[in-house]
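The lines below spell out each chain.
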Amino acid sequence: MDLCFSPASSTEGGAYKLLELPPDLCKLIENAIATLTPLRQVSQKIVPMHKLLINFFSLKIKGQSGEDAVLCTANKTFAVRSVALSNSVLVVTPPPDASSVDFEDDAVVIRDQVTEILELTPAVPKLHTLNVKLRGGEYDGDDDDDDTSETTAETFTYDDALQSIQASDVELDRGLKDRHILNINGDWTLSGFHNTIDLGSGQLRPIAPTYLDRLLELFLTVLIALSLSHQSASVEALSSSLADDHEVPRSISTQVMSWFGEIKDGKWKMDVSALVKEVGLGILRHHRHEPISHDELIPKWKSLVGDTFESEVDLGLLSGNYLTSVNDPENLTYFPASALPVEAARRFADLFLTRTRWKGKDISPFLADIAVDSKERDKLLLRFARATTDAGGVWYTARTQYSG
């Protein structure tokens, strides 16, 4: 074997990077190559068909200036970090076609020298930046849905989010749904193939909580008035009634329906737990400073959801959104995890400023959105908290003081 340097070695130096793939991602790529199937179709069957055409291999490096880069597949986000190698690695290839006459038949060309590899680890998508991008642009129903309304926020579209938010497409769509963010004036449709909302490039705007509370109450009222089943309600009938009688744009009501259930073949199947939970949060939001008693919350909650769904009312649905009083555990105060810092050290600092010690089952819901899984959550507890055991069970206290 004849080992030679590339004639373009001066320009190719530093042009190659080695990327170490996790087993599941490696298998995904191997399967896609073997079957000539786009990665989007292999990794997530519910991705709308038009998205399969964006590119064959859905691997994207995302990151703005000042951000750590992430790699996104169709449905997962991975942190990218550089790991130094103890020994240099040579990148070698057969001779380039243009210069093959200059090499022996068995020649191998050294193209570059690599002293590090890029390592991928599963990461939580950085959806919190949506809160910053969309601040000041809440939709409260007073805007004209057919015209671009004036808000204090800059226009930020779905296409902008796809490009700048460090999350996979599936995670971004899920994040928009979970955060109740509307696509205003976008060319969105109901996908007949997957029965999902196909978002266009309209302006993204979070719905005002008070307006969402009103819409959910209207949904429940109209279902009864039209004698519609919550398991198979006509989207046309429901959206028409809301538009004609309550001036709710059809595009808005249909998007909200998709947040709280499944739309298929023109029918809406309500996700009862999700809707009942949101109604409960609507009550709890008014008690950020003044607590509400358990005995006051539950009857009021049941009254709002009505007889049909009152059996679904359960305080566990509100986990991660409230604190109980230390002196009176029957009193609840609104304390949403979504309002806490996303950086782990600051998250724990805020939690331990709120309470000097926590039980594991109480603190876990406030860590769910900054940990990929329970294993990662336990690592965070080990790093930032100290566990002690007494007659009351296992308690967590601050390991160190956080100076900011």
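Each chain carries its own residue numbering, running from 1 in the direction its sequence is written. The model is predicted, so local features are restricted to residues of pLDDT at least 70 and side-chain atom pairs to those at 80 or more, both for listing and for counting; the totals for chains, interfaces and linings are taken over all residues. Each side-chain value is worked out from all heavy atoms of the structure, with water and hydrogens disregarded.

**Student:** I'd like to hear about the sheet that holds strand β11 (residues 233-234), residue by residue, with values.
**Tutor:** When DSSP finds at least two bridges between two strands, those strands are taken to pair. The helix and strand labels rest on DSSP assignments: H or I over at least four residues marks a helix, E over at least two residues marks a strand, and numbering proceeds from the N terminus. Ordered by their spatial adjacency, three strands build an open sheet running β11-β13-β12, and the pairing between neighbours is antiparallel. In this open sheet, the two strands that pair with only one neighbour each are β11 and β12 (261-264). Two residues form a contact once any of their heavy atoms are found within 4.5 Å. For helices, the fitted line uses only the C-alpha atoms of the stretch in contact; every axis is such a line through C-alpha atoms, and the angle between N-to-C directions lies from 0 to 180 degrees. Across the face of the sheet, helix α10 (residues 250-259) comes into contact with β12 and β13 (267-270) while running at roughly 120 degrees to β12.

**Student:** Go over the packing of helix α8 (residues 209-225) against α10, please, and point to the residues and values.
**Tutor:** Two numbers describe how α8 lies on α10: the axes approach to 11 Å, and their chain directions differ by 85 degrees. Judged by the inter-axis angle, α8 sits roughly perpendicular to α10. When α8 is examined against α10, the residues Y211, L212, L215, L216 and F219 are found in contact with a partner set consisting of I252, S253, V256, M257 and W259. Just so you know the grouping, Ala, Val, Leu, Ile, Met, Phe, Trp, Tyr, Cys and Pro go in nonpolar, Asp, Glu, Lys and Arg go in charged, and all remaining residues, Gly too, go in polar. Residues belonging to the contact of α8 with α10 are distributed by class as follows: nine nonpolar, one polar and no charged. Roughly parallel means an angle under 35 degrees; roughly antiparallel, over 145; roughly perpendicular, 65 to 115; everything else is oblique.

**Student:** I'd like a description of the packing of aromatic side chains, backed by residues and values.
**Tutor:** How two aromatic rings sit relative to each other is set out by the distance from centre to centre and by the angle between their planes. Classification of ring pairs rests on two measures: the distance between centres of Phe, Tyr or Trp rings, Trp counted by its six-membered ring, which must be within 6.5 Å, and the angle between planes, read as stacked under 30 degrees, edge-to-face over 60 and tilted in between. Applying the stated criterion across every chain yields a total of six aromatic pairs. Ring centres 5.2 Å apart and planes at 25 degrees place the aromatic pair F348 and F384 in the stacked group. A residue pair is termed long-range when its members are at least 10 positions apart, and F348 in helix α13 (residues 344-354) and F384 in helix α15 (residues 374-384) qualify at 36 residues. Just as F348 is buried, F384 falls in that class too. Site record: aromatic cluster; members linked through ring pairs are F335, W358 and F366. Just above the ring of W358 sits the side chain of R355; from NZ or CZ to the centre is 5.1 Å. Look at NZ for Lys and CZ for Arg. If either is within 6 Å of the ring centre and within 35 degrees of the ring normal, a charge sits over the ring. The ring centre of W395 lies 3.8 Å from the NZ or CZ of R357, which sits over that ring. The rule is simple: take the accessible area with a 1.4 Å probe, protein chains only, and divide by the maximum for that residue type; under 20% is buried, over 50% is exposed, in between is partly exposed.

**Student:** Kindly report on the side chain of Q166, identifying the contributing residues and their values.
**Tutor:** Here Q166 shows up in the loop between α6 (158-164) and α7 (169-178). The term polar contact refers here to a pair of N or O atoms within 3.5 Å; inside protein, the definition further demands a hydrogen-donor-capable atom paired with an acceptor-capable atom, and it admits residues adjacent in sequence only when both atoms are side-chain atoms. Among the polar contacts made by the side chain of Q166, one reaches the main-chain carbonyl oxygen of D68 at a distance of 2.8 Å.

**Student:** Lay out the environment of E262 in plain terms, naming residues and giving numbers.
**Tutor:** Relative to the assigned elements, E262 resides in strand β12. Given the relative accessible area of 42%, E262 is considered partly exposed. When the C-alpha positions of E262 and S232 are compared, they lie 9.6 Å apart, and in sequence the two are 30 residues distant. Among all residues touching E262, those that are not within four sequence positions of it are K267, W268 and K269.

**Student:** Give a detailed account of the pattern of salt bridges, specifying residues and quantitative values.
**Tutor:** What counts as a salt bridge is simple: a side-chain nitrogen of Lys or Arg found within 4 Å of a carboxyl oxygen of Asp or Glu. Within the structure shown, the criterion is met by 11 salt bridges. One salt bridge connects E278 with R285, and the closest N-O pair in it is separated by 2.5 Å. We note a salt bridge from R377 to D378, for which the minimum N-O separation is 3.3 Å. The exposure class of D378 is partly exposed, given its relative accessible area of 41%. The network of salt bridges with common partners includes D213, E278 and R285.

**Student:** Break down the pairing of strand β10 (residues 203-206) for me, with residues and values.
**Tutor:** Covered by surrounding structure in β10 are Q203 and R205 together with L204 and P206, the residues of both alternating faces. Across four bridges, the pairing between strand β7 (residues 181-184) and β10 is antiparallel. What sits directly across from N183, in β10, is L204.

**Student:** With reference to specific residues and values, describe the nonpolar core.
**Tutor:** In summary, soluble globular proteins display a tendency toward joint burial of nonpolar side chains. The nonpolar core is taken to be a set of buried Ala, Val, Leu, Ile, Met, Phe, Trp, Tyr and Cys residues, with the residues joined through side-chain atoms within 4.5 Å. Membership of the largest hydrophobic core comes to 46 residues, with the highest contact counts inside it found for V256, W268 and W301. Counting only elements with at least two residues in this core, the list comes to β7, α8, α9 (235-246), α10, β13, α11 (272-284), α12 (294-305) and β16 (331-334). No other element matches α8, which puts nine residues into this core. Ranked by size, the runner-up nonpolar core spans 20 residues in total, among them F348, F352, W358 and I370.

**Student:** Tell me what's going on with unusual backbone geometry, and back it up with residues and numbers.
**Tutor:** Positive phi values are uncommon outside glycine, yet E247 reaches one of about 55 degrees. At D265, a position not held by glycine, the phi torsion is positive, near 55 degrees. Positionally, D265 belongs in the loop between β12 and β13.

**Student:** Can you explain the side chain of Q255? Please cite residues and give values.
**Tutor:** Within the secondary structure, Q255 sits in helix α10. Taking relative accessible area as the criterion, Q255 reaches 2% and is therefore assigned buried. At a separation of 3.2 Å, a polar atom in the side chain of Q255 contacts the main-chain carbonyl oxygen of S251.

**Student:** An account of the packing of α8 against α11 is requested, with residue identities and associated values reported.
**Tutor:** Running from N to C, α8 and α11 cross one another at 135 degrees; their axes reach a closest spacing of 10 Å. It follows that α8 is oblique to α11 by the angle criterion. Here the hand of the crossing between α8 and α11 comes out left-handed. Contacts from L212, D213, L216 and L220 of α8 reach α11 at L275, E278, V279 and G282. The residue inventory of the contact of α8 with α11, partitioned by class, reads five nonpolar, one polar and two charged. The crossing is said to be left-handed when, going from far helix to near helix, the turn is anticlockwise and less than a right angle, and right-handed when the turn is clockwise.

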